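# Working through the structure, step by step
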Amino acid sequence: MKKLADEGQPAKSELLKENVKENEVRRSEATMTEHDPLYSDRLAKLLRWRDKGIDPFTVTKFDCSHLASEIVSSFESLQGQTVRVAGRLTAFRAHGKLTFADLVDSSGRIQLMVRINTVGEEAYQQFGELDTGDIIGVEGVVTKTRTGEVTIEVFKFWLLAKALRPLPEKWHGLKDVEVRYRQRYLDLISNPEVRELFVKRSKIIQAIRRFLDERGFIEVETPILQPVYGGALARPFITHHNALDMDLYLRIAPELYLKRLIVGGFDKVYEIGRNFRNEGVDSRHNPEFTMLEAYQAYADYHDIMKLTEEMIAFVAQTVLGTTTIVYQEHTIDLTPPWRRVSLMEALKEFTGIDFREFRSDDEKARKIGKELGLSVEPTDHWGRVLDEALKKKVVPNLIQPTFLIDYPVEISPLAKRKPDDPTMTERFQGFIGGLEVANAFSELNDPIDQRERFEMQQKLRERGDTEAHPLDWDFVTALEYGMPPTGGLGIGIDRLTMLLTNSPSIREVILFPLLRPEE
RNA sequence: GCGCCGGUAGCUCAGUCGGCAGAGCACCGGACUUUUAAUCCGGGGGUCGCAGGUUCGAUUCCUGCCCGGCGCACCA
């Protein structure tokens, strides 16, 4: 058998000699400055490879014939054949002149077997120099061991990248939550279930796209940097554009741009993208989060409710193979149709209070809010107290999928009024497992009403409400050209992912959640 | 912002009622050609989150700070 390291590696050259010379310098530097023995040990190994003319970091590619899992699943047809796979070494079991090792690639794990009388003494010794964490490519024959495990008997291998730092422990994995978030790559390497979670997240988004694409929606991209933010009630991040010397806002929602597209004649549009809200961080909020917004012309909120429940059931069915999910201690059935309850009825059910009885009496609202144990500010108005009661008293009880419908106009500045009760809007929110996952309405398309609502928000702003909706004249202008009756929907992808992966915290479903920098 | 909990070896964790800092895995050396948390023998590895204070002596007690988790509050 051929010895390691001739083929697949760069030919020796002047460059190489220089590298070796450089290595001498680096080696002494390393031994002098690097005090971590685990690190310096691995660095020394790297330098030894280089001394032998093998520099893993000069390798630019490796052709694989199979993924690890393919070899295992197609053993019958691959037995005895030569295959090439690449991945990270995660474990060694050395037995003198025979070594087993585990190789992990994106598909899973496969066992390698290296025998001294197959690869030769020099290569066998070099294999022994490898560390867990190193990335290698191998060529070998598919076989089964005595215990029946599908294994590649290696006759050639290439070091493709050296790991200078050791991996977290193989058995317990990486548990330190802080390290898991700060160095997510380690989390992904050591905790397969985390990797699976993020694959699932990708599939959830894929399924949403498929669902909407099949219904004739087109996916669009609208500005993230916005001169006027809007579409939600939240505080924005502010940034600055130097060339135009203007402040810009990171969007808190894409809503107003998507509705401009409805004005422009796209009847079904959606966007999946990041929103930014300058608010606190907790287990349900990250300052940047992913939202789906979809708009359908000539539809109302009843159509959107149908769309929402069908979409989420479809996503669950596609990704999980079932519409019955387990979230924390609850078993939840996502099968449509979902329960529909009027917001006011729900408030009455869980607080015993009929908010309609003191609609214009802010003072009484604050008093009742306090009685309910809510935090109430002296400036709070009726709608604010109602919203607080909804979040604290009602939402935590909405475990099975529920649409709360018909929201007061005071807290819905972009939603169309109900024809039979202009103080209420055709708005709903969807709740699952005590989480708000959807917010939707028949879109307000009356430019005069929209302008008045903006002006109302402006008054709130002047009174110090930093989350009031800003005035967007350009959007009003768009409405003045005529927007068809339209239903719109927003779904929090992170929260939906939490539900479908049974994750208690939003940080578990965001690859790199916001943390304070170390030190 | 408040409360509770946590931060000890690369990782997972013990521990010290104030007196030389521990285990397993990982690592290094040795044995071993079918293991799979391989095994056996030997070895090295620590700013006990950071800074002060008390003390003969602090990883341990006290104070402050940093980072994180959970809950509450704020944002609303």
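Numbering of residues starts from 1 in every chain and runs along the sequence as written. Just so you know, chain letters begin at A and ligand numbers begin at 1, following the order they were written in. Two thresholds apply to this predicted model, a pLDDT of at least 70 for residue-level local features and 80 or more for giving and counting side-chain atom pairs, whereas whole-chain, interface and lining totals are computed over all residues. The basis for the side-chain values is all heavy atoms of the structure; hydrogens and waters are excluded.

## Points about the environment of Ala-365
Working definition: helices are DSSP H or I runs of at least four residues, strands are E runs of at least two. Numbering for both runs from the N terminus. For Ala-365, the location among the structural elements is in helix H13 (residues 362-371). Overall, the relative accessible area of 0% leaves Ala-365 in the buried class. Once the C-alpha coordinates of Ala-365 and Phe-355 are considered, the two residues, 10 residues apart in sequence, prove to be 8.0 Å apart. For every residue, the accessible area (1.4 Å probe, protein chains only) is compared with the maximum for its type, and the residue is labelled buried under 20%, exposed over 50%, or partly exposed between those bounds.

## Examining the environment of Pro-254
Structurally, Pro-254 is set in the loop between strand E9 (246-250) and helix H10 (255-263). Among the residues examined, Pro-254 registers a relative accessible area of 2% and is labelled buried. Once the C-alpha coordinates of Pro-254 and Met-291 are considered, the two residues, 37 residues apart in sequence, prove to be 9.0 Å apart. Those residues within four positions of Pro-254 in sequence are excluded, and the remaining contacts are Thr-222, Glu-271, Asn-275 and Glu-293. In this analysis, two residues are considered to be in contact whenever any of their non-hydrogen atoms come within 4.5 Å of each other.

## Thoughts on unusual backbone geometry
In this structure, Pro-337 follows Pro-336 across a cis peptide bond, with omega equal to -5°. For Pro-337, the location among the structural elements is in the loop between strand E13 (330-333) and strand E14 (339-342). Even without being glycine, Gln-328 reaches a positive phi, approximately 55°. Here Gln-328 is to be found in the loop between strand E12 (324-327) and E13.

## Observations concerning the protein's contact with RNA strand B
Note on definitions. A residue lies near a molecule or strand when any single heavy atom of the residue is within 4 Å of it. Around RNA strand B lies a shell of 51 residues, among which Thr-147, Glu-178, Ser-375, Arg-384 and Glu-467 are the nearest. Of all atoms in RNA strand B that approach within 4 Å of the protein, 60% are sugar or phosphate atoms. The term polar contact refers here to a pair of N or O atoms within 3.5 Å; inside protein, the definition further demands a hydrogen-donor-capable atom paired with an acceptor-capable atom, and it admits residues adjacent in sequence only when both atoms are side-chain atoms. A distance of 2.7 Å is found between a base oxygen of RNA strand B and a side-chain nitrogen or oxygen belonging to Gln-111. Those elements that place two or more of their residues in the surface near RNA strand B are helix H2 (37-51), strand E1 (82-95), strand E2 (98-105), strand E3 (108-115), helix H5 (116-119), helix H7 (177-182) and helix H14 (382-394).

## Some remarks on the sheet that holds strand E7 (residues 225-226)
Two strands make a pair as long as DSSP finds a minimum of two bridges between them. If you walk across this open sheet you meet the three strands as E7-E9-E8, and the pairing is antiparallel. Each of the sheet's edge strands pairs with one partner strand only, and the pair in question is E7 and strand E8 (238-241). Pairing geometry for E8 and E9, over four bridges, is antiparallel. Looking across to E9, one finds that His-241 is bridged to Met-246.

## Looking at helix H9 (residues 192-214)
Over its 23 residues, H9 runs 33 Å from end to end, which matches the ideal 33 Å to within 8%, given 1.5 Å per residue. Residues of H9 that are buried include every one of Val-194, Leu-197, Phe-198, Arg-201, Ile-204, Ile-205, Ala-207, Ile-208, Phe-211 and Leu-212, and no others. If you follow the buried residues of H9, they end up packed against H7, helix H8 (184-190), strand E10 (268-276), strand E11 (288-297), helix H11 (301-320) and helix H17 (493-501). Immediately beyond the C-terminal end of H9, within one or two residues, lies Gly-216, with a positive phi of roughly 85°. Helix span, expected: 1.5 Å multiplied by one less than the number of residues in the helix.

## As for the pairing of E10
Burial runs high along E10: seven of the nine residues are buried. In terms of strand pairing, strand E6 (residues 218-219) meets E10 through two bridges, oriented parallel. Note on E10: the bridge partner recorded for Glu-219 is Tyr-270.

## Section: the pattern of salt bridges
Close approach of charged atoms allows side chains of opposite charge to pair. The term salt bridge refers to a side-chain nitrogen of Lys or Arg lying within 4 Å of a carboxyl oxygen of Asp or Glu. Under the criterion given, the structure shown has 40 salt bridges. The closest approach of N and O atoms between Arg-180 and Glu-508, which form a salt bridge, is 2.7 Å. Within this pair, whereas Arg-180 is found in helix H7, its partner Glu-508 is found in the segment after H17, the two being separated by 328 residues in sequence. Across the pair, Glu-508 and Arg-180 agree in class, each one buried. Of the charged contacts, one joins Asp-494 and Arg-201 as a salt bridge, the two residues approaching to 2.9 Å between their closest N and O atoms. Here Asp-494 is found in helix H17, whereas its partner Arg-201 is found in helix H9, with 293 residues between them in sequence. The class for Asp-494 is buried, based on a relative accessible area of 2%.

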